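Tertiary structure, described
Now for the letters of each chain:
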Amino acid sequence: MSSQKPTVLPSPPIEIDRRAFFAKIGLGSLGIAAVGTAGFAYQFLSPNVLYEPSPIINVGKPENFAVDSVTLDANAGIYLVRAAEGFFALNAICTHLGCLTAWNQELGIIACPCHGSKFKRDGEKIEGPAPKPLPWLKTWVSDEGDLMVDRSTDIHPMQYLRI
Ligand code: FES
């Protein structure tokens, strides 16, 4: 029994001439430029849309809110107030530097924890550095009977929603 190793022949060197080399470099460059151009064209033609949560908030059925109640929806940044005159919604974001305010049931005021601004239940400023009252927000009842608040639309104060 003979142990012969298979002989591996060296492969001949791949010959590439100068013209073919530069042709491949040129085609590669064109391909890269085409991909880049297509990327920019897609970005340019795509609508420049910012996807944000809807400013319309469904706060639920009116009967869920007792008369003379102030309910903070911290996620939405709004107060839903049910007064004897009717419903209204306030923006709960302080008009000073944008902190979320809090309802103080004992004192009957809305207070900002950041720099001490205080507001009445109807949003009117009592004291502190806030330059403006808390804005009233557009409020209505949907066809399904739910209270709706539009955080993006301020209204004049004292426009109660009577149901
Ligand atoms: S952010 Fe409310 S008082 Fe400054």
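Residues numbered from 1 in each chain as written. Predicted model: local features only at pLDDT ≥ 70, side-chain atom pairs only at ≥ 80, totals over all residues.

Examining the domain arrangement of the protein chain
- In terms of domain boundaries, the protein chain breaks down into domain 1 (17–51) and domain 2 (56–155).
- One C-alpha centre belongs to domain 1, the other to domain 2; they are set 53 Å apart. (Domains from an automatic or database assignment.)

Some points on the sheet that holds strand 4 (residues 86–91)
- Taken together, the six strands give an open sheet; going across it, the order is 1-10-9-4-3-2, and neighbouring strands pair in antiparallel fashion. The sheet terminates laterally at strand 1 (56–60) and strand 2 (69–73), the two strands that pair on one side only. Each neighbouring strand pair of the sheet contributes to a mean axis angle of 30°, computed without reference to strand direction.
- Pairing of strand 9 (residues 136–141) with strand 10 (residues 147–155) involves six bridges; the strand directions are antiparallel. When the sheet's bridge partners are listed, Leu137 is paired in strand 10 with Asp154. (Pairing = 2+ DSSP bridges. Helix = DSSP H or I, 4+ residues; strand = E, 2+ residues; numbered from the N terminus. Axes fitted to C-alpha atoms, helices over the stretch in contact; angles between N-to-C directions.)

What to know about unusual backbone geometry
- A positive phi angle is found at Asp68, which is not glycine, with a value near 70°.
- For Asp68, the position within the fold is in the loop between strand 1 and strand 2.

A short note on the pairing of strand 10
- As paired strands, strand 1 and strand 10 are joined by four bridges and run antiparallel to one another. Bridged to Ile57 within strand 10 is Val149.
- What sits between strand 9 and strand 10 in their antiparallel hairpin is a turn of five residues, with Gly145 showing a positive phi close to 85°.

Here we look at the environment of Ser46
- One can find Ser46 in the loop between helix 1 (18–45) and strand 1.
- For Ser46, a count of 8 C-beta atoms within 10 Å gives the class exposed.
- For the pair formed by Ser46 and Pro157, sequence separation is 111 residues and the distance between their alpha carbons is 41 Å. (Buried ≥ 20, exposed ≤ 12 C-beta atoms within 10 Å, placed from the backbone.)

Some words on the nonpolar core
- Grouped together as the largest cluster of nonpolar side chains are 19 residues, with contacts concentrated most on Ile78, Tyr79, Leu80, Ala89, Leu90 and Val149.
- Not counting residues within four places of it along the chain, the set of residues in contact with Leu90 comprises Ile78, Tyr79, Val81, Gly123, Leu134, Pro135, Trp136 and Leu137. (Core = buried A, V, L, I, M, F, W, Y, C linked by C-beta atoms within 7 Å. Contact = placed C-beta atoms within 7 Å.)

Focus: the sheet that holds strand 5 (residues 102–104)
- The four strands are arranged 5-6-7-8 in an open sheet whose pairing can be described as antiparallel. On the outer flanks of this sheet lie strand 5 and strand 8 (125–127), each paired with one strand and no other.
- Examined bridge by bridge, strand 5 and strand 6 (residues 109–111) share three bridges and lie antiparallel to one another. When the bridges of strand 6 are listed, Ala102 appears paired with Ala111.

Description of helix 1
- Here helix 1 is 28 residues long and its end C-alpha atoms lie 41 Å apart, about the 40 Å a rise of 1.5 Å per residue gives.
- In terms of burial, helix 1 is a largely surface element, zero of the 28 residues being buried. (Expected span 1.5 Å × (residues − 1).)

Section: the pairing of strand 9
- Pairing of strand 4 with strand 9, which is carried by two bridges, proceeds in the antiparallel orientation. If you follow Leu90 over to strand 9, its bridge partner there is Trp136.

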